[in-house]
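Summary of structural features
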Amino acid sequence: MERDTDTKEIGMDPQEVQEWVESFNEVVREEGRESAITLLDRLRGHAQSLGIALPFTANTPYLNTIPSEKQAIFPGDQEIERRIKSLVRWNALAMVVRANRVDHSIGGHISTYASAATLFEVGFNHFFRGRTEEFEGDTVYLQGHASPGVYARAFLEGRLSMKQLENFRRELREGGGLSSYPHPWLMPDFWEFPTVSMGLSPLMAIYQARFNRYLEDRSMKPRTDAKVWAFLGDGETDEPETLGAITLASRENLDNIIFVINCNLQRLDGPVRGNGKIVQELEAAFRGAGWNCIKVLWGSDWDPLFERDTDGLLSKRLGEMVDGESQKLSVESGAYVRQHVFGGDSRLLKMVEDLPDEALRTMRQGGHDPRKVYAAYKAAFEHKGSPTVILARTIKGYGLGESGEGRNITHQQKKLNEEELREFRSRFGIPVSDEQLAETPFYLPPEDSREIQYLRARRQALGGYVPTRKVRSKPLVADHDALFREFHSGSEGREVSTTMAFVGMLRQMLRDPEIGKMVVPIVPDEARTFGMESLFRQVGIYSSRGQLYEPVDVHTLLYYKEAKDGQILEEGITEAGSMASFIAAGSAYATHGINTIPFFIYYSMFGLQRISDFIWAAADMRCRGFMLGGTAGRTTLAGEGLQHQDGNSHILALPIPTMRAYDPAFAYEIAVIIQDGIRRMYKDGENIFYYITVMNEAYTMPPMPAGAEEGILKGMYKFRASENKISKLRAQLFGSGAILREALKAQEILGEKYGVSADVWSVTSYKALYTDGIDAERWNLLHAGEKARVPYVTQCLTDSDGVLVAASDYLKALPNLISRWTPRRLASLGTDGFGRSENRASLRDFFEVDARFITLATLYELFRDGKIESKVVQQAVKDLDINLDKPNPLFA
Ligand SMILES: Cc1ncc(C[n+]2csc(CCOP(=O)(O)OP(=O)(O)O)c2C)c(N)n1
Ligand SMILES: [Mg+2]
């Protein structure tokens, strides 16, 4: 008998090794597998006690995790499923090829779906359950750039028309087209999850799975065996977000999530790990993190070889090849495979001596074998106690022939020549004649064909079509007037911050009989920063395990209370994860048919600046809810400095179309905004969400001036008019957020010292004013000769006179956004530049946004208008103690 050569190298008598192996075999035979495990465990412990450190490995051999004898039986009609898959393949290919024939710049991907087809089809035919009245359905994140395959299937299902397929990537054509990738914004009845910005969907999927449990533990939905499936690329795993939350999934025992990683060993430019093995790398990462890992590497053709591989030679050989070599095998001849894989050892060559070259060349990868894929999915579905990842080996561009399959250029392939089309057609048995090939027609079998009948029956049995997006939640009923009204009357002399005021509102909302349950407070380890610790006790912190320990502060009133039905999602230090929870909660109205109202409160600098792509995805998903940027503004957060002081986020909020951004100064402004927001989103069903900045500077909250609501929501209202009605020197001062009080101080200085009569406006949202302005402007452009629309900001200022000066705690660009609709020039003060560790007064001097600079800017504007002499301004510089030599904060 031949023996493993390794033992010779380390100088052990092979005979002796063999005896050990045989003894072990006997234990397995006589005592069973469990005993064998115990024995190995004992030996490992014993070795350790003798000081023998075993090398660590989280890997298993480069083989299928499920041995063929333990493989579940494939229950489908394999032949008919192959036919269906072939038709989907063809139509997906035709979509891209045809679109690029008409306009070669249109793009699209064919090679990704070509590699993922079996992975998707086994899911569609056997696993993905639709959403019905009785059952919530599975949640499926499909690899974004494999979308042609999903469209092609929906075409066979009769859900998309030929016209729509024709207009793939041509959404603006008459009758509409199909968006390149999954976008719920663009196809709100079809796509549920945007997945094409790589890395986002794996992280979102994990938090979605956790949110599903949260809803169950809070008795907001029944406990079910619904799964979250996430399909991703192997290249995609390089995105930090992809693996960033995998320990959350195992820590929370999320056996409701299944990752399927399409390991075609390639990304866009070339191999994912030419010099390594991506499957083994991912296996170690996932197993190390506590996931159940199922490798599907080899198709059924390999089974007989592995059966003969009793001494593990073949397994060893496959394990030592790097991915660059494996990729090359997929484009080489059978003779090459024989020589390269098996040629190094006569025993290996013998294993394949009765296999012809052609058979060797076409031996399939596991991810292309429905039987192997089915067995893996079934094992994943049934696995309990931890999340599962399936690592499936495939070939990129599978079936695309010589020019596409497994080549480095395959990712960008969009066209096939006639010969390649013919080969593809014949290989997959598509009923398209040679003459028709040039046209590359879509193929739809007749309704009564076996293919269509089978496919429909399968989807029916599984509860309907996937993906389907449907809003099933019911609108809210009440107005919640009483809840918010109490904040309209001010703090009656008490000094509070807008953050505290907001937390007060949140506390009230949590007590409300209608919306209380729906509120989902989300914090990335910042609850104490924002004075929210009182909520710990009030509603508890969600923990799937309850609280297994007595918290150190149990004797205090506001102890750290974790509970199985806790309401707060305390995410720890992960803004990305918190945002993913926001997304799950903000889209539950569609995903689950349940209204949940997320309030995600965080350090504002780590929101739009850090995780904007998630926020973009939230908008795409039509998410609803509130994001609260805490202690925002560049000069409001004393001490923290450059990294924390946020003068950017309101600018970064501009590009997100459905995000309404507010920079309120007073408690009643926040109350008005949130009440209206709840009405718009949860009563009227608008697909918008809110970004509200809040501060920690405490001051007396004034009562709301009568009739201010409309202005608060539209972006500006007059907060305090000047009492001096006779002065010829007049000004309109715009303040926002924390800087509003500087404008109020300037109003006093201007009146008392310089005889200037100034009105003060609170600008709650430059974004709202800007949006309104460009909308009016566009309307006017398209309606020449009709009565022109007047932007809201222009309307506000029609009857006001004097110079215009705006100051905010954000970039000067913010007020500049609206300057073209102001009746006169608008001077803008703001906080461009890097922050500093300092107190508020020094920061506002440094950034030139305090009452002194607002005064100076107003006087200068009056001077420019010829209303006052330059020497008045020069004197003011002295009176206000302004250092003319100070550096420009923008460059400092
Ligand atoms: C964040 C992000 N960066 C870059 C891209 C562009 N892109 C699209 S597909 C692709 C390669 C994907 O490789 P892989 O994840 O292995 O998927 P495969 O197509 O091989 O299945 C890239 C880089 C993207 N969509 N998202
Ligand atoms: Mg890949």
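Please read all numbers here as calculations on a predicted model, not as lab measurements.

Counting secondary structure elements, the chain contains 37 helices and 20 strands. Overall, the chain is about 110 × 75 × 55 Å in size when its C-alpha atoms are taken along their principal axes. Among the 892 residues that make up the chain, the fraction classed as buried is 58%. Counted over contacts in the chain with a minimum sequence separation of 6, partners at least 24 positions apart contribute 77%. Carbon and sulfur atoms make up 52% of the accessible area of the chain, which amounts to about 37000 Å² in all. Charged side chains of the chain number 106 positive and 122 negative; the gap between the two group centres comes to 3 Å.

Bringing a negative patch on the surface into the picture now. The grouping of Asp 13, Glu 16, Glu 19 and Glu 22 at the surface amounts to a negative patch. The residue Glu 19 is located in helix α2 (residues 14-31) in this model.

Next up on the list: the confidence of the model for the chain. Chain-level statistics for the chain give a pLDDT mean of 95 and a share of 99% at 70 or above. Here residues 1-5 scores under 50 on pLDDT; set against residues more than four positions off or in separate chains, the count is eight contacts.

Attention shifts here to the sheet that holds strand β14 (residues 689-694). Spatially, β10-β7-β11-β12-β14-β13 is the arrangement adopted by the six strands of the open sheet, whose pairing is parallel. A single partner strand is all that each edge strand has here, and the edge strands are β10 (569-570) and β13 (659-662). In this sheet, β10 lies alongside strand β7 (residues 519-523) in parallel orientation, the contact comprising two bridges. Within β10, the residue paired with Val 523 across the bridge is Glu 570.

A few words on the pairing of strand β4 (residues 292-296). Each regular strand carries side chains that alternate between the two faces of the sheet. Most of β4 is tucked away: five of the five residues are buried. By the alternation rule, side chains of β4 split into Asn 292, Ile 294 and Val 296 and Cys 293 and Lys 295, which are all buried. Note: β4 against strand β5 (residues 388-393), five bridges, orientation parallel. Paired with Val 296 across the two strands is Ala 392, which belongs to β5.

At 2.0 to 2.1 Å from the magnesium ion (ligand 2) lie its protein donor atoms, namely Asp 234 (OD), Asn 264 (OD1) and Gln 266 (O). We note that the donor set of the magnesium ion (ligand 2) lies within a single chain, spaced as D-x29-N-x1-Q. Across this residue pair, the class does not change: Asn 264 and Gln 266 are buried.

One finds Met 509, Phe 599, Phe 626, Ile 674 and Leu 733 to be the most contacted residues of the largest nonpolar core, which totals 91 residues. No other element matches the ten residues that helix α29 (residues 667-683) contributes to this core. Those residues within four positions of Phe 626 in sequence are excluded, and the remaining contacts are Phe 582, Ile 597, Pro 598, Phe 599, Phe 600, Ile 674, Gly 677, Ile 678, Met 681, Tyr 690 and Ile 692. If you look at the next biggest cluster of nonpolar residues, it comprises 85 residues, including Leu 215, Ala 245, Trp 291 and Leu 305.

Let us now look at the packing of helix α5 (residues 111-126) against helix α21 (residues 450-461). Two numbers describe a pair of packed helices, the interaxial angle and the distance between the axes. Contact pair α5 / α21: the axes reach a minimum separation of 7 Å and the direction vectors enclose 65°. In terms of orientation, α5 and α21 fall into the roughly perpendicular class. Facing Gly 123, Phe 124, Asn 125 and His 126 of α5, the residues of α21 in contact are Tyr 454, Arg 458 and Arg 459. Residue composition of the contact of α5 with α21, grouped by class: two nonpolar, three polar and two charged.

This part covers the sheet that holds strand β19 (residues 803-807). With mixed pairing, the five strands of this open sheet are ordered in space as β16-β18-β17-β19-β20. Each edge of the sheet is formed by a strand with only one pairing partner; in this case those strands are β16 (716-720) and β20 (826-829). Direction aside, neighbouring strands of the sheet carry axes that sit 25° apart on average. Note that β19 and β20 share four bridges and pair parallel. Bridge pairing in β20 links Ala 807 to Leu 829. Sheet contacts for helix α31 (residues 740-754): β16, β17 (730-735) and β18 (757-763); angle to β18, the most-contacted strand, approximately 175°.

Another point: the site of ligand 1. Around ligand 1, the structure places 18 residues, and the nearest of them are Thr 112, Gln 143, Asp 234, Gly 235 and Lys 396. The side chain of Asp 234 places a nitrogen or oxygen atom 2.8 Å from an oxygen atom of ligand 1. A breakdown of the residues in the shell around ligand 1 according to their chemical character gives three nonpolar, ten polar and five charged.

Bringing helix α32 (residues 766-782) into the picture now. With 17 residues, α32 should cover 24 Å at 1.5 Å per step; its first-to-last C-alpha distance of 24 Å lies within 8% of that length. Along α32, the residues that are buried comprise Tyr 766, Lys 767, Ala 768, Leu 769, Gly 773, Ala 776 and Trp 779.

Moving on, we get to the environment of Ser 819. Turning to its location among the elements, Ser 819 is positioned in the loop between α34 (813-816) and β20. By relative accessible area, which is 28% here, Ser 819 ends up partly exposed. Ser 819 sits 13 residues away from Ala 806 along the chain, and the two C-alpha atoms are 9.9 Å apart. Engagement of the side chain of Ser 819 in a polar contact is seen with the backbone oxygen of Asn 816, the distance being 3.0 Å.

Here we come to the packing of aromatic side chains. Taken as a whole and assessed by the stated rule, the structure comprises 43 aromatic pairs. Residues Phe 259 and Trp 291 carry aromatic rings whose centres are separated by 4.9 Å and whose planes lie at 50° to one another, so their mutual orientation is tilted. Here the residue Phe 259 occupies a position in strand β3 (residues 257-263), and Trp 291 occupies one in the loop between α11 (278-288) and β4, the gap between them amounting to 32 residues. Its relative accessible area of 0% is what places Phe 259 among the buried residues. Arranged with centres 5.0 Å apart and planes meeting at 35°, the rings of Phe 666 and Phe 719 form a pair that is tilted. Of this pair, Phe 666 sits in the loop between β13 and α29 while Phe 719 sits in strand β16, placing them 53 residues apart in sequence.

In this section: a nonpolar patch on the surface. A contiguous nonpolar surface patch, about 250 Å² in accessible area, is contributed by Leu 39, Leu 40 and Leu 43. Its place among the elements puts Leu 39 in helix α3 (residues 33-49). Among the residues examined, Leu 39 registers a relative accessible area of 33% and is labelled partly exposed.

What follows covers the pairing of strand β12 (residues 626-630). For β12, a buried count of five out of five residues is recorded, marking the element as mostly surrounded by other parts of the structure. With burial as the criterion, each face of β12 is covered, one bearing Phe 626, Leu 628 and Gly 630 and the other bearing Met 627 and Gly 629. Taken together, the five bridges between strand β11 (residues 597-603) and β12 define a ladder with parallel strand orientation. Paired with Phe 599 across the strands is Phe 626, a residue of β12. For the segment spanning β11, helix α27 (residues 612-620) and β12, crossover handedness is right-handed. With five bridges joining them, β12 and β14 adopt parallel strand pairing. Looking at β14, one finds that Met 627 is bridged to Tyr 691.

Conventions we followed
- Residues numbered from 1 in each chain as written.
- Chains lettered and ligands numbered in written order.
- Predicted model: local features only at pLDDT ≥ 70, side-chain atom pairs only at ≥ 80, totals over all residues.
- Heavy atoms only, no water.
- Helix = DSSP H or I, 4+ residues; strand = E, 2+ residues; numbered from the N terminus.
- Buried < 20%, exposed > 50% of the residue type's maximum accessible area, 1.4 Å probe, protein only.
- Contact = heavy atoms within 4.5 Å.
- Areas by Shrake-Rupley, 256 points an atom, 1.4 Å probe, with all protein chains shown as cover.
- Lys, Arg positive; Asp, Glu negative; His and termini not counted.
- Charge placed at Lys NZ, Arg CZ, Asp CG, Glu CD.
- Patch = residues over 30% accessible without salt bridge, like charges linked within 9 Å, V, L, I, M, F, W, Y side chains within 5 Å.
- Salt bridge = Lys/Arg side-chain N within 4 Å of Asp/Glu carboxyl O.
- pLDDT = per-residue confidence, 0-100.
- Pairing = 2+ DSSP bridges.
- Donors = N, O, S within 2.8 Å, 3.2 Å for Na, K, Ca; no water.
- Core = buried A, V, L, I, M, F, W, Y, C linked by side-chain atoms within 4.5 Å.
- Axes fitted to C-alpha atoms, helices over the stretch in contact; angles between N-to-C directions.
- Parallel < 35°, antiparallel > 145°, perpendicular 65-115°, else oblique.
- Nonpolar A, V, L, I, M, F, W, Y, C, P; charged D, E, K, R; others polar.
- Near = heavy atom within 4 Å.
- Polar contact = N/O pair within 3.5 Å; in protein donor to acceptor, adjacent residues only side chain to side chain.
- Expected span 1.5 Å × (residues − 1).
- Phe/Tyr/Trp six-rings, centres within 6.5 Å; stacked < 30°, edge-to-face > 60°.
- Right-handed = clockwise from strand over helix to strand, strands pointing away.

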